[in-house]
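These are the residues of each chain, in order.
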Protein chains: 2
Amino acid sequence: MNDWLKPLQDGLIEGRVLTKNADLYSYSFDASFGEYLPEAVVQVKNKQEVVHVIRLANQYKVPVYPRGAGTCLSGGPLPVHGGIVLDLSKLPAKIDVSPGDLTVTVSPSVRTQDINIEAEKRGLMYAPDPSSAHVATIGGNLAENSGGPRGLKYGVTKDHVLGLEIVTPEGELIRTGGQTIKNVTGYDLTKLIVGSEGTLAVIVEATLKLMPKPPAVKTMMVSFHKVRTAGEAISRTLTSGVLPSKMEFMDQACVRAVEQFQPIGLPVDAAAIILIELDGPEEALRIEQEKVEAIMEEMGAKEVIIPESDEEAAKLWHARKQVSPAIAKIKPTKVSEDATVPRSKIPDFMDRLQTIKEKYDLEVVAFGHAGDGNLHPNILCDQRDPEEMKRAEKAVEEMFEAAIELGGTLSGEHGIGTMKAPFMEMELGDAGVDMMRRIKRAWDPHNILNPGKIFAEKGQKLVLRNE
Amino acid sequence: MNDWLKPLQDGLIEGRVLTKNADLYSYSFDASFGEYLPEAVVQVKNKQEVVHVIRLANQYKVPVYPRGAGTCLSGGPLPVHGGIVLDLSKLPAKIDVSPGDLTVTVSPSVRTQDINIEAEKRGLMYAPDPSSAHVATIGGNLAENSGGPRGLKYGVTKDHVLGLEIVTPEGELIRTGGQTIKNVTGYDLTKLIVGSEGTLAVIVEATLKLMPKPPAVKTMMVSFHKVRTAGEAISRTLTSGVLPSKMEFMDQACVRAVEQFQPIGLPVDAAAIILIELDGPEEALRIEQEKVEAIMEEMGAKEVIIPESDEEAAKLWHARKQVSPAIAKIKPTKVSEDATVPRSKIPDFMDRLQTIKEKYDLEVVAFGHAGDGNLHPNILCDQRDPEEMKRAEKAVEEMFEAAIELGGTLSGEHGIGTMKAPFMEMELGDAGVDMMRRIKRAWDPHNILNPGKIFAEKGQKLVLRNE
């Protein structure tokens, strides 16, 4: 038995430690690749227990892997070096809306969707809407700086965080930022921690920005004969003075997969479709909609469809949410990427994806938040076919290269985690990564908080196989 | 002569070194308190010269003080330990708009207003609008994370920065972030550096977000019988579903000072006025304006004035810009604060200011971006009266305490610099400040970049006197 197990248990009052194999197994994976058994799982029930776990981990030099709902697409919560999984999903749920301040204070354990439900009761909105909002915890969203379709108009998770309460890697409970909209008091630790993938702090509370809920929304679906035209139409719209709240792209393979999975009458003969949502005052929407329609016609769109009711619009957005499960039916293994390019480079990136797909003879489908340059190319393959998986690994590497050559980045919203760590230097250079490592070392001298993420270990390579 | 002076000069090709007393003097102050003579000023003309200066400074352990236009209100560019002032305002001007990406890439030396002028030529807008935009450089705005009236709706400088090119404190030229809207590749060094007041990096280029210019704007001026009612009316508006682009507060003393300085017919008998700007599509503005009018009447506003032409509206906004110079005429010394509170606490903070003013028998006027809780209480005093200045120092300290007690922060947009450094622990605690210091030490082991700012030195206190 590990010598830290007893003191770990002894310091908990409400929380508990799990060590049975069946329990450890259910904490060994997330929504990305790889399985790693931890030595223990701690389900903490209050902030002081988080402090206890972290201090003890420093004393015994045991790695700690913070975890929310485990929906991460880049390996954030994977206990790659064993040690302790710190399960934060059992902390008491807190969603404390302050309508006069347009803020909400939450515990990391609440589901992101529930925050929005509470906000809407007061006519407000929590803008970030990652596709996993109905399962993922806000804690995970904060750690990964999650995006979502509405990111186009409203930004990502980080843009909506005013302050945090955190436990530092050495076990100090501190606050960063605060409850005010403007704050320039010292370094912006809040925005440093959000998106640091659990490597710099354990978030135990957060104050988030709310905003007035837009009075009306309008949905449009536009289909295209050519993928490239869809990309150009997106660019044209965004430079026309209209800023839609969402602009989602689906290529033909995605459309067909969704129709096979849950038929709702999407145009399966189109090369691509774009789903658009406009939001704002009713009067303005009518005009914006006409403007977008005119652009689409000018661009030679195949068809513009405007749903006649809210229910019909909801069906379209539901179809968009079904893309991920639907394409997962095509082949057993789904490699989901999120390399992101500057907006004007979307058509070029689509061309590059086509070339990569042909070169490696792989099933590649693409969908995503094309309006902000954040496409999700997915490779559909079979993990049991090592030869195919090797081609997939090469294809992923070329996607990263293409994105960076086009002025883009490795990850728009999924995070680096384990999978993209080997490519960090390719984008940032040695000196750039070194400045990040310095922060990690200064904050976490014993490297106990989520080690093995973001920074590649010696000789680490992309491996898309569970070995 | 300093032994580093010759090698400093030798490494420059286009730039030059100034050492004459008259030159050094003109770099010894900014728009805050204190005068400090540097040993040399370097006017660099390209990025490589910045690298040269920083590397040499590390070699000789000389402090380097980066400087833009010197409009800082918190002492950011002051060479408090002598050494070298690094004048970045002579770098070649670059404003490179990429309309398809909705971005602009700029050199630090350009005036913020000029970026907006270039953006507007393409129907776009650079949202941050600090009051000094017509003089300040974007480099200074980035270093200080400047705010401005439009921050209410659009956020501050940091919210509009996608990527930076920087020289690290040890002289490495690296890029952070990029050109994409979404980016979660590693730690967010961009948002860490913006607002770090020149202590973590010298910014030599930046890529900023642009947005479609709102098609229309509408101005309203509302006057009140009571200051507290004005505060409450702001809160009520912000929870009504309307989000104005600006909501600026001026108390009676400010209104009167402006009228004395440049009469335009402001209501000098009102206890306070609020200037409101709504922006968006014309059709929506009409409805929003009616909504705001109804709220103001319900709150018992004295009068709601809607300017009849754009020229009249422009006059009102010009009057708002005149507050600072106008109140400076009241007494020779102006102590400008920017402690910020959560929105709902604005009326309470106004009450606290009144109490402090009476307790210390000082002339205190208040104006500012009340819509986001960012008031600027100004103490008007006379530096030649040491007894009054001591009362002012105490009053400032109590303003900070009041803001923090109300859940606020020391600084909403001016920065910590030299003046607020002694109060950092009051807001953040020792452990919070320690986490910031660790980053500084890890990045700048020889403490050469802007030392004496943000972090208080032993025994440092607020002193509002040039000694």
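Given the structure is predicted, the values throughout are model-derived calculations rather than measurements.

(A) Main features of the overall build of chain A. Regarding its fold elements, chain A presents 15 helices and 18 strands. The C-alpha atoms of chain A give 22 Å as radius of gyration, which agrees with the globular expectation for 467 residues (23 Å, within 12%). By principal-axis analysis of the C-alpha atoms, chain A measures approximately 70 × 60 × 40 Å. Looking at chain A as a whole, 62% of its 467 residues qualify as buried. Across chain A, contacts joining residues at least 24 apart in sequence account for 72% of those joining residues at least 6 apart.

(B) Quick look at the domain arrangement of chain A. Residues and elements named next belong to chain A. Splitting chain A by domain gives domain 1 (95-212), domain 2 (216-319) and domain 3 (331-405). One C-alpha centre belongs to domain 1, the other to domain 3, and the line joining them spans 30 Å. Each partner contributes residues to the interface: domain 1 has 4 residues there, and domain 3 has 4 residues. Interface area, domain 1 with domain 3, both sides summed: about 290 Å², of which 57% is carbon and sulfur. For the pair domain 1 and domain 3, the interface holds 0 salt bridges. Our count for the contact surface shared by domain 1 and domain 3 stands at 1 residue pair in polar contact (both at pLDDT 80 or more). Considering only residue class, the side of domain 1 that touches domain 3 consists of 2 nonpolar, 2 polar and no charged.

(C) Seen up close, the environment of L380(A). Residue and element names in this part refer to chain A. Here L380 lies in strand β18 (residues 374-381). Along the primary structure L380 and A328 are separated by 52 residues, whereas in three dimensions their C-alpha atoms are 7.4 Å apart. L380 has contacts with I327, I330, K331, T333, K334, E363, V365 and E388, leaving out every residue within four places of it along the chain.

(D) Helix α13 (residues 346-359) of chain A, seen in detail. Residue and element names in this part refer to chain A. Look at α13: 20 Å from first C-alpha to last across 14 residues, which is about the 20 Å you get at 1.5 Å a residue. Within α13, the full set of buried residues consists of I346, P347, F349, M350, L353 and I356. Each element contacted by the buried residues of α13 is listed here: α8 (227-238), β13 (246-251), β17 (363-369), β18 and α14 (386-405).

(E) A look at the relation of the copies chain B and chain A. Take chain B, turn it by 180°, move it 0.0 Å along the axis, and it overlays chain A with an RMSD of 0.0 Å. Those values place the two copies in the arrangement expected of a two-fold rotation axis. Most of the interface of chain B is mirrored in chain A, where 100% of its interface residues again form contacts.

(F) Up close: the side chain of S146(B). The residue S146(B) is located in the loop between α5 (138-144) and α6 (151-154) in this model. Beyond its immediate sequence surroundings of up to four residues, S146(B) is in contact with P130(B), G140(B), N141(B), V156(B), T157(B) and E413(B).

(G) Molecular detail of the packing of α8(A) against helix α10 (residues 282-298) of chain A. All names here are of chain A. With their axes 10 Å apart at the nearest point, α8 and α10 run at an angle of 140° to one another. For the crossing formed where α8 meets α10, the hand is right-handed. Together, A233, R236 and T237 of α8 and V292, I295, M296 and E298 of α10 make up the contact between the two elements. Its residues assigned to classes, the contact of α8 with α10 shows 4 nonpolar, 1 polar and 2 charged.

(H) How the structure looks around a nonpolar patch on the surface. Residue and element names in this part refer to chain A. A cluster of nonpolar side chains, Y25, F29 and L37, forms an exposed patch at the surface whose accessible area comes to about 280 Å². Position of Y25 among the secondary structure elements: in helix α2 (residues 21-26). Look at Y25 and you get partly exposed, because its relative accessible area is 42%.

(I) Region of the structure containing a negative patch on the surface. Residues and elements named next belong to chain A. There is a patch of like negative charges on the surface, built from E308, D310, E311 and E312. Inspection of the secondary structure assignment puts E312 in helix α11 (residues 310-321). In this structure E312 comes out as partly exposed when scored by relative accessible area, which is 39%.

(J) Quick look at the interface of chain B and chain A. Contact residues are listed per partner, giving 79 residues for chain B and 79 residues for chain A. Considering only the surface of chain B that becomes buried against chain A, K182(B), V184(B) and Y187(B) emerge as the three largest contributors, covering 16% of it. Where chain B touches chain A, the interface holds 8 salt bridges. In this structure, K158(A) and D188(B) form a salt bridge, with 2.7 Å as the shortest nitrogen-oxygen distance. Seen at the junction of chain B and chain A, the total is 28 residue pairs in polar contact (both at pLDDT 80 or more). Contributions of two or more residues to the side of chain B that touches chain A are made by α7 (189-193), α10 (282-298) and α15 (424-443) of chain B. The greatest single-element share of the side of chain B that touches chain A, amounting to 12 residues, is contributed by α15(B).

(K) Spotlight on the sheet that holds strand β18 (residues 374-381) of chain B. All names here are of chain B. Judged by pairing direction, the sheet is antiparallel, and its 7 strands sit side by side in the order β15-β12-β14-β13-β17-β18-β16 without closing on themselves. A single partner strand is all that each edge strand has here, and the edge strands are β15 (303-305) and β16 (333-336). With direction set aside, neighbouring strand axes in the sheet form an average angle of 20°. As paired strands, strand β13 (residues 246-251) and strand β14 (residues 272-280) are joined by 6 bridges and run antiparallel to one another. If you follow M250 over to β14, its bridge partner there is I273.

(L) Focus on a positive patch on the surface. Residue and element names in this part refer to chain A. Residues R16, K20, K45 and K90 make up a contiguous surface patch of positive charge. Along the chain, the position of K90 falls in the loop between β4 (84-87) and β5 (95-98). Classification of K90 by relative accessible area gives partly exposed; the value is 38%.

What counts and what doesn't
- Residues numbered from 1 in each chain as written.
- Chains lettered and ligands numbered in written order.
- Predicted model: local features only at pLDDT ≥ 70, side-chain atom pairs only at ≥ 80, totals over all residues.
- Heavy atoms only, no water.
- Helix = DSSP H or I, 4+ residues; strand = E, 2+ residues; numbered from the N terminus.
- Rg over C-alpha atoms; globule rule 2.2 N^0.38 Å.
- Buried < 20%, exposed > 50% of the residue type's maximum accessible area, 1.4 Å probe, protein only.
- Contact = heavy atoms within 4.5 Å.
- Domains from an automatic or database assignment.
- Buried area = accessible area lost by both parts, 1.4 Å probe.
- Salt bridge = Lys/Arg side-chain N within 4 Å of Asp/Glu carboxyl O.
- Polar contact = N/O pair within 3.5 Å; in protein donor to acceptor, adjacent residues only side chain to side chain.
- Nonpolar A, V, L, I, M, F, W, Y, C, P; charged D, E, K, R; others polar.
- Expected span 1.5 Å × (residues − 1).
- Least-squares fit on C-alpha atoms with pLDDT ≥ 70 in both.
- Axes fitted to C-alpha atoms, helices over the stretch in contact; angles between N-to-C directions.
- Left-handed = near helix turned anticlockwise from the far one by under 90°.
- Patch = residues over 30% accessible without salt bridge, like charges linked within 9 Å, V, L, I, M, F, W, Y side chains within 5 Å.
- Areas by Shrake-Rupley, 256 points an atom, 1.4 Å probe, with all protein chains shown as cover.
- Lys, Arg positive; Asp, Glu negative; His and termini not counted.
- Charge placed at Lys NZ, Arg CZ, Asp CG, Glu CD.
- Pairing = 2+ DSSP bridges.

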